[in-house]
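Single-letter residue listing:
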Amino acid sequence: MIRPPRTRYLLPTVAIVALVVFLSGSLLQLLQLEKDMRLHVDENMLWVVTQAQVAGHRLADDVHRYSHGDTGANPSLRFDILASRLALMHDGPQRRYLEALGHTNDLDHTLHTLERLEPALAAPDMHTNSALIHTLLAPLLARLNSIANAVMVAEWESAGTRIDTYRSNMLQVIGLIIGILFSGLMLVVLLIRALQQQGRAHHALACHRDELENEVQRRTRDLEAERRRVVTAIETAPDGFAAFDNENRLTLVNPQFSNLLPVPPEVLEQGLHLHSLLTKIRGIARIEKDDTEALALDVNGHLQCDLELANRGWRQLTVRKARDGGQIIRVADITNYKAAAKGLERSLQLERGVSEFHRSFAGMVSHQFRTPMAVIDSGLQRLLRRGSTMNHDERQQRLHSMRASVAQMIRLIESSLTAARLDGGTVHLQSRQQDLVALTRQCCRLPQTLHARIQINASAPALTTWCDPILVEQILNNLLTNAIKYSPATTDIHIYLGDSSDQVFCAVEDKGIGIAPDDIPYIFDRFFRSSNASGSPGVGLGLNISLNLAQIQKGNITVTSTEGEGTTFTLWLPKNQIQEEDFGYG
Amino acid sequence: MHFLPCLSLSLLLVSSAAAQTDTLPQPVTPVILTVGGHIAHFNTDTSDRREARLDQTLLDTLPRRTLITSTVVTDGSRTFEGFLMRDLLNRLEAQGSTVAATALNDYVIRIPFDDFYRYDVLVADTMDGRRLTPRDKGPLWIVYPRDTHDELQDIRYDYRWVWQLHRLEIQ
């Protein structure tokens, strides 16, 4: 049982105080006793008085012997001795003692008798004075006897009183010693109990410590097992993980991390700083949002961004603050997701293009088909009304005019179909090695029969390119048709063929009306008609289709023009095969 | 002032040793103290006993000492003069362990030699400048320095204060 502190110390305090009190009391009693035992001046008085009596008797005896002629007797010496004994009784302490007993008169009387004895002893004839001396000595001895009697009684009384005092003191001391004994016993009992309690407390403490150690070991094992499970989960996860401590030092990284990010494993050592790692990642990857110069954490210590790695696809990098203050980096492979997203985006753009084409086509049809239809309708009406009256030439003219209108409408429909095929992605490339010079000459053969003014200049007899000859032929036909259509019949058309390091080109130059500078940026847009070309038939699809056909062969078409002087369209094609993109046309 | 007697006593001691009969000068005044027993120097040699019978002249050859002390039988401090018992025993070359001191009234007390060598025990012949007489506590009184030694303030020492001393027996 645990007592409150105040109660716990009460009993020992009482025992100690009692011990001190009893010890002090017994000490004082013993000191008093010792002092009493020293004060015993009266113990000697009986001896003093009896010695005086003896001296008196020996004087009487010597006087008697001397009076009978005994020369060995020495009354004078005996008198001196008696005198000295009485003088002693008369001295300070002894006289005060006798005064206390009320025998001062007796003492004084003995001294008075002594004075009367001396002349009697000094007389020449002591024999005659012997009777006188004895007469004087008898009462002196009687008084000394009386004094001795009183002293004896006083000493016995004193001794009795002193013994009583001693006994009383001793009893008190015994009582105090019993008190000391009990106090000491109580202290011993308390000490034993305290030692027992201490022993029990030590035992309990040891048990508790053992239990605590076992508990710690068990918890440590559990924690270790849990840690192993977490580490295993992290290491086998498809994503890359890296954990950082409170000071942003790397503590854990799984193998997948270095697989997903081309970071050398030796860089991913314990203690690597988070910002140092982010800087390295920044150096090897392109961030989708290019406005971010560095991989910076936000105010909450969070970061999420998509990274493109050269030839390794896309990764999503996520940095989050852990609950204990550290940071966690997660790297996920999102290449497939990105590809799907791009495909979807392309499909969406395609759909938008088709939709736009349909709207534009409807408008174009309503506008472009009306004129040839009106020409055909007007020709047919004339033939109906005046067919019989028309001569042959006039009828032939009308019929050719109507056929020209039908041919224009057919071209219009073919162009629209080509554009629709391009939008729908159904144009299939059949590229191969092809001499562009030969292909150009073949394309120019028919127009040259009609327009002898086409001049071909090639830098080499043959210029090989990687292309689909049917599509290239369609592009060149379009460019030649435009050159013929928009230039006077009196001017020449020049075709220049050449090559650069990795490309081959074919430039078609006319001396026609040219293109207004403001229109040049839009010249390849679908259904765009230059402001100075409105007088010529056309729907604005040819250049758009040509550019698309060039681009799907990894080529391009560029234009330079001066209004009123002429225009040059240049077709560029690759010399060699270029790796097709995954999402390229069929 | 005691030079000459001292010299004469020393000469006597030397001469007596040479003659194998050690004699002290015979007392010329009344004998005050008689010393018997195991002593080497004496002036009376009977058939069975040798004694040193010392008169005032012989006693005066010992160094004089003064002792101021209280006593158990008088009031206040008293000034005593006399000689040290130790000096007397040395001078007589006393051999023994105790000294039996006898007073005129035949009071006999045995005192260990040790007392005289541990304390300056005086054999006084004057108190407060007055010569002690047989009518008082004379002629000689053995006085202990009880004021300077607490252990001497004890009844077992008080009875050794023999007064009216007139005889010593070396045992």
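Residues numbered from 1 in each chain as written. Chains lettered and ligands numbered in written order. Predicted model: local features only at pLDDT ≥ 70, side-chain atom pairs only at ≥ 80, totals over all residues.

## Looking at the overall build of chain B
Selection criterion: Put simply, DSSP H or I for four residues or longer makes a helix, DSSP E for two residues or longer makes a strand, and each gets a number counted from the N terminus. Whether a residue is buried, exposed or partly exposed follows from its count of other C-beta atoms within 10 Å of its own C-beta, namely 20 or more, 12 or fewer, or something in between, respectively; the C-beta atoms are built from the backbone. Throughout, a residue-residue contact means that the two C-beta atoms, derived from backbone geometry, are no farther apart than 7 Å.
Summing up its helical and strand segments, chain B has 5 helices and 11 strands in all. Classification of the 171 residues of chain B by burial places 33% in the buried group. Contacts in chain B between residues at least 24 apart in sequence constitute 57% of all its contacts with a sequence separation of at least 6.

## Here we look at the interface of chain B and chain A
Going by this rule: Basically, the charged four are Asp, Glu, Lys and Arg, the nonpolar ten are Ala, Val, Leu, Ile, Met, Phe, Trp, Tyr, Cys and Pro, and anything else, Gly included, counts as polar.
Listed per partner, the contact involves 10 residues of chain B and 13 residues of chain A. Of the residues assigned to the side of chain B that touches chain A, the class counts are 3 nonpolar, 3 polar and 4 charged.

## Quick look at the pairing of strand β5 (residues 313-321) of chain A
All names here are of chain A. Spelled out, the test is: A pair of strands counts as paired when DSSP detects no fewer than two bridges linking them.
Bridge analysis of strand β4 (residues 303-309) against β5 gives 7 bridges, and the strand direction is antiparallel. Bridged to Leu 309 within β5 is Gly 313. As paired strands, β5 and strand β6 (residues 327-333) are joined by 7 bridges and run antiparallel to one another. By the bridge assignment for β6, Arg 320 is matched with Ile 328. Between β5 and β6, which follow one another and run antiparallel, lie 5 residues, and Gly 325 among them has a positive phi close to 105 degrees.

## What about the sheet that holds strand β2 (residues 250-253) of chain A?
Residues and elements named next belong to chain A. Put simply, the rule reads: The axes used here are C-alpha line fits, helices contributing only the stretch in contact, and every angle between their N-to-C directions lies in the interval 0 to 180 degrees.
Taken in spatial order, the 6 strands of this open sheet run β2-β1-β6-β5-β4-β3, and their pairing is antiparallel. Every other strand in the sheet has two partners, leaving β2 and β3 (285-287) as the edge strands with one partner each. Each strand of the sheet is rotated relative to its neighbour by a mean of 25 degrees, with strand direction disregarded. The pairing of strand β1 (residues 240-244) with β6 spans 5 bridges and is antiparallel. Opposite Ala 242, over in β6, you have Ile 329 as the bridge partner. Across the sheet, helix α8 (residues 274-284) is in contact with β1, β3, β4, β5 and β6; its angle to β3 comes to roughly 90 degrees.

## Some words on α8 of chain A
Since the α-helix packs 3.6 residues into each turn, any two residues three or four apart lie on the same face. Residue and element names in this part refer to chain A. What counts here: Taken from the helix axis, the directions to the C-beta atoms give the arc we talk about.
Turning to α8, its buried residues number three or more, namely Leu 274, Leu 277 and Ile 281. Each buried residue of α8 lies within a common arc of 65 degrees when the element is viewed along its axis, so the set occupies one face. Across from the buried face of α8, at angles greater than 90 degrees, the exposed residues are Thr 279 and Gly 283. Turning to α8, the residues buried within the fold contact β1, β3, β5 and β6.

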